[in-house]
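As a plain string of letters, each chain reads:
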Amino acid sequence: AGNLGWEDLPLRELLVRELAKDAGARESALRVALDNDVNVAAWGEAQLGAARGRGNVLAVWVGTGVGAGLVLDGRRWRGPRHTAGEIGHVILFPGGQPGFMTVEDICSRTGIVNALKRLLPMYPDSALHKLIAEKADETGSIGSSTIARAYEKDDELARRVVDKSAEFLGIAIANIVTMLSIDCVVLGGGVTEALGGAYVARVTKSFERAVFPSVLRKTDIVASSLNDDAGVFGAAMLVCT
């Protein structure tokens, strides 16, 4: 867990020990499982949510970063080294400038915010100036809700940046679907939830232009129906099913 500075930490064993202590139970009586957050979100959507009943699912969560989980032939797929689904690190522009190479660089909320901040001085009439000023007494940052409000106001800058990020995300998803012939893609995460159907439609339009062969345009691209609960349900089902 790079973000936490953990390497070879026996987290499952530590959880079993602490949970057993709190519950007054034998460690052998507890079933504890660990997985990536988007992997379990994918599992939750495949079992109970927007992809219920679909055996092959790609779940793409767009938030601070961009992650994905895979369900193939009805099974969670993590790969032999447990790294499957790292769509955010797929390279869109080889040899590009640092911070403008990968899906995560461009399509995540972080990437969108970086682009907005870079371009904002060139758009003095953008609604974002006022929306950001309103947040001055809070975090001062540009969150998903602020981006969504500007987008809904048909702000030229917000439309330009969000639509471009959706276009590149659609291309990245098309590459994976072309490779794996997946029949359902679920979009989730804070950016997707805030921007809603217009964002999903933009991603879908780009996907349909890029995917091959044309029969794969029939792949369903849908918004998460479980939203924040997708990971909760998916994680619980690791040990309950």
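Residues numbered from 1 in each chain as written. Predicted model: local features only at pLDDT ≥ 70, side-chain atom pairs only at ≥ 80, totals over all residues. Heavy atoms only, no water.

Draft legend 1. Molecular detail of the environment of S28. Mapped onto the elements, S28 comes out in the loop between α1 (11–23) and α2 (37–48). With a relative accessible area of 63%, S28 lands in the exposed category. For the pair S28 and V16, spaced 12 residues apart in sequence, the C-alpha to C-alpha distance is 8.5 Å. (Helix = DSSP H or I, 4+ residues; strand = E, 2+ residues; numbered from the N terminus. Buried < 20%, exposed > 50% of the residue type's maximum accessible area, 1.4 Å probe, protein only.)

Draft legend 2. How the structure looks around the pairing of strand β2 (residues 66–72). For β2, the buried fraction is high: 6 of the 7 residues fall into the buried class. Here strand β1 (residues 57–62) folds back onto β2 in antiparallel fashion, the turn holding 3 residues. Summarising the sheet, β2 and strand β3 (residues 75–77) pair through 3 bridges and their orientation is antiparallel. When the sheet's bridge partners are listed, V71 is paired in β3 with R76. Linking β2 to β3, which pair antiparallel, is a turn of 2 residues; within it D73 sits at a positive phi near 50°. (Pairing = 2+ DSSP bridges.)

Draft legend 3. Structural detail: the packing of helix α5 (residues 127–134) against helix α6 (residues 144–152). Close contact between α5 and α6 brings their axes to 10 Å; oriented N to C, the two are set at 150°. Taken together, α5 and α6 sit at an angle that is classed as roughly antiparallel. Like other packed secondary-structure pairs, α5 and α6 cross with a definite hand, here right-handed. Touching L128, L131 and E134 of α5 are T146, R149 and A150, all from α6. The class makeup of the residues in the contact of α5 with α6 is 3 nonpolar, 1 polar and 2 charged. (Axes fitted to C-alpha atoms, helices over the stretch in contact; angles between N-to-C directions. Parallel < 35°, antiparallel > 145°, perpendicular 65-115°, else oblique. Left-handed = near helix turned anticlockwise from the far one by under 90°. Contact = heavy atoms within 4.5 Å. Nonpolar A, V, L, I, M, F, W, Y, C, P; charged D, E, K, R; others polar.)

Draft legend 4. Fine view of the nonpolar core. Of all hydrophobic cores here, the largest spans 51 residues; its most connected members are L58, V60, L169, I173 and Y199. Ranked by residues supplied to this core, first place goes to helix α7 (residues 156–180) with 12 residues. Leave out the neighbours within four places in its chain, and V60 touches V66, G67, A68, I87, L169, I173, V185, V186, L187 and G188. Of all hydrophobic cores here, the second largest spans 17 residues; its members include A46, A230, M237 and L238. (Core = buried A, V, L, I, M, F, W, Y, C linked by side-chain atoms within 4.5 Å.)

Draft legend 5. Fine view of α7. Here α7 spans 36 Å end to end across 25 residues, near enough to the 36 Å set by a 1.5 Å rise per residue. Structurally, the start of α7 carries an N-cap: the backbone nitrogen of L157 is 3.2 Å from a side-chain oxygen of D155. Positive phi appears at S181, one or two residues downstream of α7, with a value of about 55°. (Expected span 1.5 Å × (residues − 1). Polar contact = N/O pair within 3.5 Å; in protein donor to acceptor, adjacent residues only side chain to side chain.)

Draft legend 6. A look at the packing of α2 against helix α10 (residues 229–240). For the pair α2 and α10, interaxial distance at closest approach is 7 Å and the crossing angle is 85°. It follows from the interaxial angle that α2 and α10 lie roughly perpendicular. In contact with V40, A41, W43, G44, E45, Q47 and L48 of α2, α10 contributes A230, G231, F233, G234, A235, M237 and L238. Grouping the constituent residues of the contact of α2 with α10 by class yields 9 nonpolar, 4 polar and 1 charged.

Draft legend 7. Seen up close, the state of the cysteines. Evaluated as defined, the whole model comprises 0 disulfides. Not part of a disulfide, C107 finds its nearest cysteine sulfur in C184, a span of 20 Å. (Disulfide = S-S within 2.5 Å.)

Draft legend 8. Molecular detail of the pattern of salt bridges. All told, the structure shown has 9 salt bridges when counted by the stated rule. Between K21 and E18 there is a salt bridge, with the nearest N and O atoms lying 3.4 Å from each other. Of the two residues, K21 and E18 both sit in helix α1, 3 residues apart, roughly one turn of that helix. By relative accessible area, K21 is classed as exposed at 56%. Note on E18: relative accessible area 40%, which makes it partly exposed. The salt bridge partner of R54 is D183, with a shortest N-O separation of 3.7 Å. In this pair, R54 sits in the loop between α2 and β1 while D183 sits in the loop between α7 and β4 (184–188), placing the two residues 129 residues apart along the sequence. (Salt bridge = Lys/Arg side-chain N within 4 Å of Asp/Glu carboxyl O.)

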